[in-house]
Amino acid sequence: MEYHCLIVDDEKTLADSTAEYFNLFGVAAAVCYSADDCRKFFTDNSTDLILLDINLGDGNGFDLCKELRETTDIPILFISARTSDDDKIVALNIGGDDYIQKPYSLGVLLAKVKAVLKRYGTGQTDYADGYLTVNSRSKEISVNDIPVKLTALEFRLLSYLIENKGKVISKRELFEKVWGDKFTGDGTLNVHIRRLREAIEQNPNEPKYIVTVWGDGYKFTGEKQ
């Protein structure tokens with residue numbers, strides 16, 4: 001079966017109520033209560049997005065995320081009661097697209113999930129300059145003809161910057177247009193910008209493609225320089 005959202009959480013009551021709420025508002029949701037259940041899910045099912053808890057009874061979400069990232073680039077939103085900034089950084093660095101704190105409002109979470117589903121795979125941006133190539137239809141990126149792996153959210157972020165090549169994009173606009181959430185923190189954006197630079201820049205410490213316009217935001221120059 002095909003679902004919009006898969007919830008992987010060993011808190012059965014919370015996971016079930018979240019799935020029930022999502023289904024009520026048109027987001028087809030399935031639930032797995034363990035890492036092993038999640039692995040088995042993909043044998044006969046598919047999903048457009050995963051809500052993944054860090055703490056699972058038979059493992060942890062970090063390890064499961066790394067495992068999933070070997071075969072899929074669908075958005076993974078971590079959900080956790082843990083408040084450590086280190087956890088948030090790890091979650092993003094291993095391929096997570098966002099980090100959502102428990103307890104969460106079902107309405108707010110549903111809005112975020114719908115925003116991600118709406119934006120996932122909708123970009124129609126192509127770019128090539130002999131060094132960097134971005135193909136929106138296949139979602140493939142290469143640098144010097146070498147394939148580069150990005151998460152779904154990183155691809156959307158890069159696509160939005162390319163769509164607005166030469167224009168300074170404020171952080172607020174990126175939060176709203178890419179994340180679908182005006183309250184996303186600067187730290188989250190900074191991590192993703194850094195990861196993009198590490199993926200496409202010749203020297204991430206002296207970026208030529210994605211430049212910072214201090215006090216205003218970021219700009220995609222469209223030049224390797």
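The preceding data block contains the structure.
**Q** Looking at this model, I keep getting lost on the overall build of the protein. Mind explaining?
**A** Across its full length, the protein carries eight helices and 15 strands. Relative to the compact-globule value of 17 Å for 225 residues, the protein shows a C-alpha radius of gyration of 18 Å, a close match. Taking the principal axes of its C-alpha atoms as reference, the protein extends roughly 55 × 35 × 30 Å. Every one of the 225 residues in the protein was classed for burial, and the buried ones make up 48%. The contacts of the protein with a sequence gap of at least 6 include a subset with a gap of at least 24, amounting to 58%. For the protein, the accessible area works out to roughly 10,900 Å², and carbon and sulfur atoms hold 48% of it.

**Q** When you look at unusual backbone geometry in this model, what are you seeing that I'm missing?
**A** Residues apart from glycine generally show negative phi values, whereas peptide bonds are mostly found in trans. Residue P103 is bonded to the preceding K102 through a cis peptide linkage, with omega at -5 degrees. Phi at D145 takes a positive value of approximately 70 degrees, unusual for a residue other than glycine. Relative to the helices and strands, D145 resides in the loop between β12 (140-143) and β13 (146-148).

**Q** Can you help me understand the pairing of β12 in this one?
**A** For a regular strand, side chains alternate in direction, first toward one face of the sheet and then toward the other. Strand direction decides the pairing type here: strand β11 (residues 132-135) and β12, joined by four bridges, are antiparallel. Bridging across to β12, T133 finds its partner in S142.

**Q** Looking at this model, I keep getting lost on the side chain of E173. Mind explaining?
**A** Here E173 lies in helix α7 (residues 171-179). With no salt bridge to any partner, buried E173 finds its closest opposite charge in K167, at an N-O distance of 4.1 Å. Within the structure, the side chain of E173 is placed 2.4 Å from the side chain of Y160, a separation counted as a polar contact. Leaving out residues up to four positions away in the same chain, E173 has contacts with Y160, K167 and V178.

**Q** Whenever I open this one, the nonpolar core confuses me. Can you help?
**A** Where a protein is soluble and globular, its nonpolar side chains tend to be buried together. The biggest cluster of nonpolar side chains holds 28 residues, and the ones touching the most others in it are L132, L157, L158, L161, L174, I210 and F220. Discounting chain neighbours no more than four positions away, the residues touching I210 are L158, L161, I193, L196, R197, I200, E201, Y218, K219 and F220. By size, the runner-up hydrophobic cluster in this structure holds 22 residues, among which are A35, L52, F62 and Y99.

**Q** Help me understand the packing of aromatic side chains, please; the structure alone is not making it clear to me.
**A** What describes a pair of aromatic rings is the distance from one ring centre to the other and the angle between the planes of the rings. Applying the stated criterion across every chain yields a total of eight aromatic pairs. Judged by centre distance (5.3 Å) and plane angle (90 degrees), the ring pair of Y127 and F220 falls under edge-to-face. Of the two residues, Y127 is situated in strand β10 (residues 127-128) and F220 in strand β15 (residues 217-220); the sequence distance between them amounts to 93 residues. Note on accessibility: Y127 and F220 belong to one class, buried. Through successive ring pairs, a cluster of aromatic residues spans Y127, Y131, Y209 and F220.

**Q** Please clarify how helix α1 (residues 12-24) should be interpreted in this entry.
**A** Over its 13 residues, α1 runs 18 Å from end to end, which matches the ideal 18 Å to within 8%, given 1.5 Å per residue. Among the residues making up α1, those that are buried are A15, T18, A19 and F22. Viewed along the axis of α1, the buried residues span an arc of 95 degrees, placing them on a single side of the element. Those residues of α1 that are exposed and aimed more than 90 degrees away from the buried face are T13, E20 and L24. At the exit of α1 stands G26, carrying a positive phi of roughly 85 degrees.

**Q** Could you clarify how one ought to interpret the sheet that holds β13 in this entry?
**A** Sheets are built from strands paired through backbone hydrogen bonds, the pairs being either parallel or antiparallel. Spatial strand order, β10-β11-β12-β13: four strands in an open sheet with antiparallel pairing. Each having just a single partner strand, β10 and β13 make up the two edges of the open sheet. On top of the sheet, helix α6 (residues 152-163) reaches β10, β11 and β12; it is set at about 105 degrees to β11, its chief contact.

**Q** Just to check I follow, could you spell out the environment of I100 for this structure?
**A** With respect to the helices and strands, I100 occurs in strand β9 (residues 98-101). According to the relative accessible area criterion, I100 is buried, its value standing at 9%. Counting along the chain gives 65 residues from I100 to K165, while the straight-line C-alpha distance between them is 30 Å. Those residues in contact with I100 that sit more than four places away from it in its chain are L51, L77, F78, I79, S80, L109 and K112.

About the criteria used
- Residues numbered from 1 in each chain as written.
- Predicted model: local features only at pLDDT ≥ 70, side-chain atom pairs only at ≥ 80, totals over all residues.
- Heavy atoms only, no water.
- Helix = DSSP H or I, 4+ residues; strand = E, 2+ residues; numbered from the N terminus.
- Rg over C-alpha atoms; globule rule 2.2 N^0.38 Å.
- Buried < 20%, exposed > 50% of the residue type's maximum accessible area, 1.4 Å probe, protein only.
- Contact = heavy atoms within 4.5 Å.
- Areas by Shrake-Rupley, 256 points an atom, 1.4 Å probe, with all protein chains shown as cover.
- Pairing = 2+ DSSP bridges.
- Lys, Arg positive; Asp, Glu negative; His and termini not counted.
- Salt bridge = Lys/Arg side-chain N within 4 Å of Asp/Glu carboxyl O.
- Polar contact = N/O pair within 3.5 Å; in protein donor to acceptor, adjacent residues only side chain to side chain.
- Core = buried A, V, L, I, M, F, W, Y, C linked by side-chain atoms within 4.5 Å.
- Phe/Tyr/Trp six-rings, centres within 6.5 Å; stacked < 30°, edge-to-face > 60°.
- Expected span 1.5 Å × (residues − 1).
- Arc of directions from axis to C-beta.
- Axes fitted to C-alpha atoms, helices over the stretch in contact; angles between N-to-C directions.

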